[in-house]
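Chain by chain, the residues run as shown.
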Amino acid sequence: TDRAAFRERLSHMDIPSKMEAVASLDQLYAQARCALTLLRRKVLVLATKSRGLLPISPNRVFRADTMERRFSSPQEGGDRLQWTPLKPPKRAVEKALNHYNGDVSRLLDITRETLVFEKVQDMVDCLRALMDEEEFSIERVHNFLA
């Protein structure tokens, strides 16, 4: 399973427990690269469950004709999607210095993806499904509806 494969990959890394803060940007990016595959698989599952849209246009314009509507399985369409790259290290350093007094352990968006919803209820369904996940926790939600 995806969970077992992810745990196997993590078992070979020196990763601090939840109580230990990540001390270096290199360590944070190593963890981010490891988590990327799991995140993308989970985004596909959530999109399927909640009618979320994923970008297929390289310029990430969020119009109906540049979005993938649905997948019959999480594996379908994975090559066509325009995944969000890791946050550039230069931007991560800027954010850590400007917003978190240099504390890189507070950076939450080194890996991130976007789902777009046509209906508020679909977004609510996605958030509920995400809250039921064991591998993830919701740390922050940006409300672009206001």
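Residues numbered from 1 in each chain as written. Predicted model: local features only at pLDDT ≥ 70, side-chain atom pairs only at ≥ 80, totals over all residues. Heavy atoms only, no water.

Looking at this structure, how should I read the overall build of the protein?
Scanning the protein from N- to C-terminus turns up four helices and two strands. Counted from the first residue to the last, the protein has its helices and strands arranged as α-α-β-β-α-α. With 146 residues in all, the protein has 30% of them scored as buried. For the protein, the exposed area adds up to about 9,800 Å²; of that, 52% sits on carbon and sulfur atoms. (Helix = DSSP H or I, 4+ residues; strand = E, 2+ residues; numbered from the N terminus. Buried < 20%, exposed > 50% of the residue type's maximum accessible area, 1.4 Å probe, protein only. Areas by Shrake-Rupley, 256 points an atom, 1.4 Å probe, with all protein chains shown as cover.)

Would you explain the nonpolar core in this entry?
Inside soluble globular proteins, nonpolar side chains tend to come together where they are buried. Formed by Val 22, Leu 25, Leu 28, Tyr 29, Ala 32, Ala 92, Ala 96, Tyr 100, Val 104, Leu 107 and Ile 110, the largest nonpolar core amounts to 11 residues. Of all the secondary structure elements, the ones that give two or more residues to this core are α2 (25-50) and α3 (89-100). For this core, the element with the most residues is α2, which contributes four residues. Beyond its immediate sequence surroundings of up to four residues, Tyr 29 is in contact with Leu 86, Lys 87, Pro 88, Pro 89, Ala 92 and Ile 110. Grouped together as the second largest cluster of nonpolar side chains are six residues, Val 43, Leu 44, Ala 47 and Leu 81 included. (Core = buried A, V, L, I, M, F, W, Y, C linked by side-chain atoms within 4.5 Å. Contact = heavy atoms within 4.5 Å.)

Which parts of the structure should I look at to understand the pattern of salt bridges?
Under the definition given, this model contains seven salt bridges. The salt bridge involving Glu 133 is made with Lys 42; its shortest N-O contact spans 2.9 Å. Within this pair, whereas Glu 133 is found in the segment after α4 (120-131), its partner Lys 42 is found in helix α2, the two being separated by 91 residues in sequence. The residue Arg 51 makes a salt bridge to Asp 125 at a minimum N-O spacing of 2.7 Å. Of this pair, Arg 51 sits in the loop between α2 and β1 (54-55) while Asp 125 sits in helix α4, placing them 74 residues apart in sequence. Arg 51 sits in the partly exposed class, given a relative accessible area of 31%. Salt bridges here are not isolated pairs; linked through shared partners, they connect Arg 51, Asp 122 and Asp 125. (Salt bridge = Lys/Arg side-chain N within 4 Å of Asp/Glu carboxyl O.)

Even after reading the chapter, I still don't get α4, so can you show me in this structure?
Since the α-helix turns once every 3.6 residues, residues separated by three or four places project in the same direction. Given a rise of 1.5 Å per residue, 12 residues ought to cover 16 Å, and the 17 Å separating the end C-alpha atoms of α4 matches this to within 8%. Along α4, the residues that are buried comprise Asp 122, Cys 126, Ala 129 and Leu 130. Here the buried residues of α4 occupy an arc of 100° about the axis, which is enough to place them on one side. Every exposed residue of α4 that faces more than 90 degrees away from the buried side is listed here: Val 120, Arg 128 and Met 131. Here the buried face of α4 lies against α2. (Expected span 1.5 Å × (residues − 1). Arc of directions from axis to C-beta.)

Interpretation in functional terms is not warranted from these geometric data alone.
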